[in-house]
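Chains, contacts and geometry: an overview
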Amino acid sequence: ADGDGINDGVASGAVCHLAKDTGSGPVVAAENIDAVHFVYLDEDGNVLDDDGNGNVTTNMDEVSAVQITLVAMTGRPDLGLVNANSYEDQQGNTILSAQNDGFRRQRISAEIKCRNMGL
């Protein structure tokens, strides 16, 4: 993510955009993304170990599904609003703590089943 200064999936105090580096610089796919979080599951739905940055530390052949959670914010603050909400992934882990600012945020989460894994 463009604006994620320490590569932890959370914006580092600046406007952050989800981008792909094409080799000639980042191409923005989504704007105003505060957090991106991945949880990897085995075929029984058990969470596989990761290093805290979304990198699976177990055998990738064990991955059967991936839960992806994004937290997006509005481009401008809402006067009079203090957003004191924290945001969690599907496992209940906080992925973005309360920012206590005037921006509205939306959490979006999906689980993707990985087909043809281990072939």
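These remarks concern the structure in this document. (Residues numbered from 1 in each chain as written. Predicted model: local features only at pLDDT ≥ 70, side-chain atom pairs only at ≥ 80, totals over all residues. Heavy atoms only, no water.)

1. Section: the overall build of the protein chain
Each helix and strand in the protein chain was counted, giving zero helices and seven strands. Its helices and strands taken in sequence order, the protein chain reads β-β-β-β-β-β-β from the N to the C terminus. Every one of the 119 residues in the protein chain was classed for burial, and the buried ones make up 27%. Pairs at least 24 residues apart make up 47% of the contacts formed inside the protein chain by residues separated by at least 6 positions. When the accessible area of the protein chain is evaluated, it comes to approximately 7,600 Å², of which 46% is carbon and sulfur surface. (Helix = DSSP H or I, 4+ residues; strand = E, 2+ residues; numbered from the N terminus. Buried < 20%, exposed > 50% of the residue type's maximum accessible area, 1.4 Å probe, protein only. Contact = heavy atoms within 4.5 Å. Areas by Shrake-Rupley, 256 points an atom, 1.4 Å probe, with all protein chains shown as cover.)

2. Describing the sheet that holds strand β3 (residues 33-41)
Strands sit in the order β3-β4-β7 across an open sheet of three strands; the sheet is antiparallel. Of all strands in the sheet, those bounded by a partner on one side alone are β3 and β7 (105-113). When the angles between neighbouring strand axes are averaged without regard to direction, this sheet yields 15°. Summarising the sheet, strand β4 (residues 65-73) and β7 pair through nine bridges and their orientation is antiparallel. From the neighbouring strand, Ala 72 faces β7, where its bridge partner is Gln 106. (Pairing = 2+ DSSP bridges. Axes fitted to C-alpha atoms, helices over the stretch in contact; angles between N-to-C directions.)

3. Some remarks on the packing of aromatic side chains
Overall, the coordinates contain one aromatic pair when judged by the stated rule. When the ring of Phe 38 is compared with that of Tyr 40, the centres are 6.5 Å apart and the planes differ by 15°; the resulting orientation is stacked. (Phe/Tyr/Trp six-rings, centres within 6.5 Å; stacked < 30°, edge-to-face > 60°.)

4. Digging into the pairing of strand β2 (residues 26-30)
Every regular strand shows the same layout, with side chains that alternate between the two sheet faces. With four bridges joining them, strand β1 (residues 18-21) and β2 adopt antiparallel strand pairing. Bridging across to β2, Ala 19 finds its partner in Val 28. With antiparallel pairing between neighbouring strands as the criterion, β1 and β2 make up a hairpin whose turn holds four residues, including Gly 23 at a positive phi of roughly 100°.

5. Comments concerning the pattern of salt bridges
If you walk through the whole model with that rule in mind, you get four salt bridges. A salt bridge links Asp 78 to Arg 104; the nearest nitrogen and oxygen atoms lie 2.6 Å apart. In this pair, Asp 78 is assigned in the loop between β4 and β5 (87-88) and Arg 104 in the loop between β6 (94-96) and β7, connecting sequence segments 26 residues apart. Judged by its relative accessible area of 30%, Asp 78 is partly exposed. For Arg 104, a relative accessible area of 45% corresponds to the partly exposed category. For Glu 111, the salt bridge goes to Lys 113, with nearest N and O atoms at 3.0 Å. Lys 113 sits in the exposed class, given a relative accessible area of 59%. (Salt bridge = Lys/Arg side-chain N within 4 Å of Asp/Glu carboxyl O.)

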